[in-house]
Protein chains: 2
Amino acid sequence: MSRLNRRPVGSTCPPPLRLEILAVPGLPEIAAGDALADLLCRAAAGSGLAFLDGDVLVVAQKVVSKAEGRLVELSSVEPSSFAASLAQAAGKDPRQVEVVLRESRRIVRMDAGVMVVETHHGFVCANAGVDSSNVPAGWVSLLPVDPDASARGLQRQILEKTGKRVAVLITDTFGRPWREGLTNVAIGAAGLRPLVDYRGQKDDQGHLLGATVIAAADELAAAAELVMGKTARRPAAIIRHYVWAEESGQAADLIRPREKDLFR
Amino acid sequence: MSRLNRRPVGSTCPPPLRLEILAVPGLPEIAAGDALADLLCRAAAGSGLAFLDGDVLVVAQKVVSKAEGRLVELSSVEPSSFAASLAQAAGKDPRQVEVVLRESRRIVRMDAGVMVVETHHGFVCANAGVDSSNVPAGWVSLLPVDPDASARGLQRQILEKTGKRVAVLITDTFGRPWREGLTNVAIGAAGLRPLVDYRGQKDDQGHLLGATVIAAADELAAAAELVMGKTARRPAAIIRHYVWAEESGQAADLIRPREKDLFR
């Protein structure tokens, strides 16, 4: 394991001059119980991308959810009267709304067919991440129960299989207030700190940086989306040459506590 | 100019398998009136990174603002009584609060020293982008007056100087609700469409994708930040091999109209 692939904790060493963002094509359709780490290693090797120490492996939530059996057949769902009433107002399937409510601990905002909720994990997103794209007709996918644990599991299994220590991010595309379009963000992380804290470091003029904390895990997720896309059967990517502190960080660190949040 | 560097409008061709994210070090300290495009071309060439057709050049707002003279010396600012009152409540410099108010058309949320405002451009961000990092003591920097125009200017000048047609993004790190940490986003764009619209395309299961629009310009900005950092004198990066539709898009397209925004 190369020591060069670690940014020492609290160090001011500069970011890498060059990153590679590499799609991992060739994953088969994933079903419940599939050994996802195995399949990822095989797909990477099949593309000539054997893992290196220090790689950041980015995996789309959808394949993790499929492997973990987090799919629900809508015909098995009995909507509550609240779900039915919401669905009628929004022109939605009441069974899908019922699934969204079950995945939510709080509704943050509702309007004109949009449900922005807080999931049981604490993520704030549309429809609690419940989604019918890239799943069989009549089914919806849910977010993994514990995406940080899913990421740690993939990291550990890849280490066992390949001897390589990678960081793992599990990602989904979320909307955000004020700006159009979705961006890919990290909902699970293992092996790196999701936040890079510049506080206490000096800028190029020698002044202390006040409030600068960068959500590096979300920037890595965003970078990976550029090669993954939505329709190309590419649910994984490798980011190579990123220098990271090996820490027990997790994507839950990216959730702003409710009491510090002006928009919840 | 390679036609391969264009994603035909509305086409379903897949994203690139591999991207390179390349820091452009070696820019000198920028002052008002400096020929930024010249300096960027020289810095890129000095790093062995002569521009290629289809490159996406990402430039931090700070150097654009400096070149455009968008710095204010606080000793020249007379705070209004409203600014003085806000500053006192928040423990801030009343002159800096005055500058924030001048750059704002609306305050979206205020609490505990945080001012989230809508700028005259329509961006919603903390402190209207007014910032004292990486500028001389006693001064603050403002966002460019028209970052899309700044991006178009850089694109045109680079084409004139090098014969290469690049896309240009001007970026700043913004916070967001619900999630900790800043991410780099596009506030100016030229030569590419900031949003990639998948609506009407089919997912891997053959279903039509409903609401998927990806803010690719923000994902490119985020990717670039990973090599730029905050303290390494690297205010620019090149993203190579990204395939884009040559369109007259602009970063203003990323601003959600107020009437469609549930959080403004």
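This text goes with the structure placed above it.
Below: a short report on this structure. The structure presented is a predicted model; accordingly, all values stated were derived computationally and were not measured.

**With respect to the overall build of chain A**
- For chain A, the count of helices and strands is six helices and 12 strands.
- Computed over the C-alpha atoms, the radius of gyration of chain A is 19 Å, within 12% of the 18 Å expected from 2.2 N^0.38 for a compact globule of 264 residues.
- Based on the C-alpha atoms only, the size of chain A along its principal axes is roughly 55 × 45 × 25 Å.
- The buried share of chain A, reckoned over its 264 residues, is 56%.
- Relative to all contacts within chain A whose residues are 6 or more apart in sequence, the contacts with residues 24 or more apart total 62%.
- For chain A, the accessible surface area stands at approximately 10400 Å², while carbon and sulfur atoms represent 51% of it.
- When the 32 positive and 31 negative side-chain charges of chain A are each reduced to one mean point, those points stand 3 Å apart.

**Overview of the pairing of strand E1 (residues 18-23) of chain B**
Residue and element names in this part refer to chain B.
- Burial runs high along E1: five of the six residues are buried.
- Pairing of E1 with strand E12 (residues 236-240) involves four bridges; the strand directions are antiparallel. Looking across to E12, one finds that Ile 21 is bridged to Ile 239.

**Concerning helix H3 (residues 81-90) of chain A**
Residues and elements named next belong to chain A.
- Buried within H3 are the following residues: Ala 83, Leu 86 and Ala 87. All buried residues of H3 project into a common sector of 100° when viewed along the axis, lining one side. Opposite the buried face of H3, by more than 90 degrees, sit the exposed residues Ser 81, Gln 88 and Ala 89.
- On its buried side, H3 packs onto helix H4 (94-102), strand E4 (104-111) and strand E5 (114-119).

**Description of the interface of chain B and chain A**
- The interface of chain B with chain A comprises 79 residues on the first partner and 79 residues on the second.
- Carbon and sulfur atoms supply 56% of the area that chain B and chain A bury against each other, a total of about 7000 Å² over both sides.
- Per-residue buried area on chain B facing chain A is highest for B:Trp178, B:Arg179 and B:Leu226; these three make up 13% of the total on that side.
- Across the chain B-chain A interface, the total number found is 10 salt bridges.
- The interface formed by chain B and chain A includes 38 residue pairs in polar contact (both at pLDDT 80 or more).
- Those elements giving two or more residues to the side of chain B that touches chain A turn out to be E1, strand E4 (104-111), strand E5 (114-119), strand E8 (167-174), strand E9 (183-190), strand E11 (213-214) and helix H6 (216-228) of chain B.

Calculation rules
- For every chain, the first residue of the written sequence is number 1, and numbering continues from 1 onward in sequence order.
- Whichever chain is written first is A, and whichever ligand is written first is 1; the rest continue in order.
- Thresholds applied to this predicted model are a pLDDT of at least 70 for local features of residues and 80 or more for the giving and counting of side-chain atom pairs; totals over whole chains, interfaces and linings are not thresholded and use all residues.
- As a convention, hydrogens and water are excluded, and side-chain values are obtained from all of the structure's heavy atoms.
- Here a strand is any run of E in DSSP of at least two residues, a helix any run of H or I of at least four, and the numbering for each starts at the N terminus.
- The globule rule is 2.2 Å times the number of residues to the power 0.38, and the radius of gyration it is compared with is taken over C-alpha atoms.
- Residue burial is assigned from relative accessible area. The probe radius is 1.4 Å, only protein chains are included, and a residue is buried under 20% of its type maximum, exposed over 50%, and partly exposed in between.
- Should any heavy atoms of two residues lie within 4.5 Å, those residues are counted as being in contact.
- Calculation of accessible area relied on Shrake-Rupley with a 1.4 Å probe; when residues are assessed, cover is drawn exclusively from the protein chains displayed.
- Neither His nor the chain termini are counted; the positive set is Lys and Arg, and the negative set is Asp and Glu.
- Lys charges are placed at NZ, Arg charges at CZ, Asp charges at CG and Glu charges at CD.
- Strands pair, by our definition, only if DSSP identifies at least two bridges between them.
- Throughout, the arc means the angular range of directions from the helix axis out to the C-beta atoms.
- In short, buried area is how much 1.4 Å probe accessible area vanishes from two parts on joining, totalled over both.
- The term salt bridge refers to a side-chain nitrogen of Lys or Arg lying within 4 Å of a carboxyl oxygen of Asp or Glu.
- Throughout this description, a polar contact denotes any pair of N or O atoms lying within 3.5 Å of each other; where both atoms belong to protein, one of them has to be capable of donating a hydrogen while the other can accept it, and for residues adjacent in sequence the pair is counted only when both atoms sit in side chains.

Function cannot be inferred from these measures alone, as they are strictly geometric.
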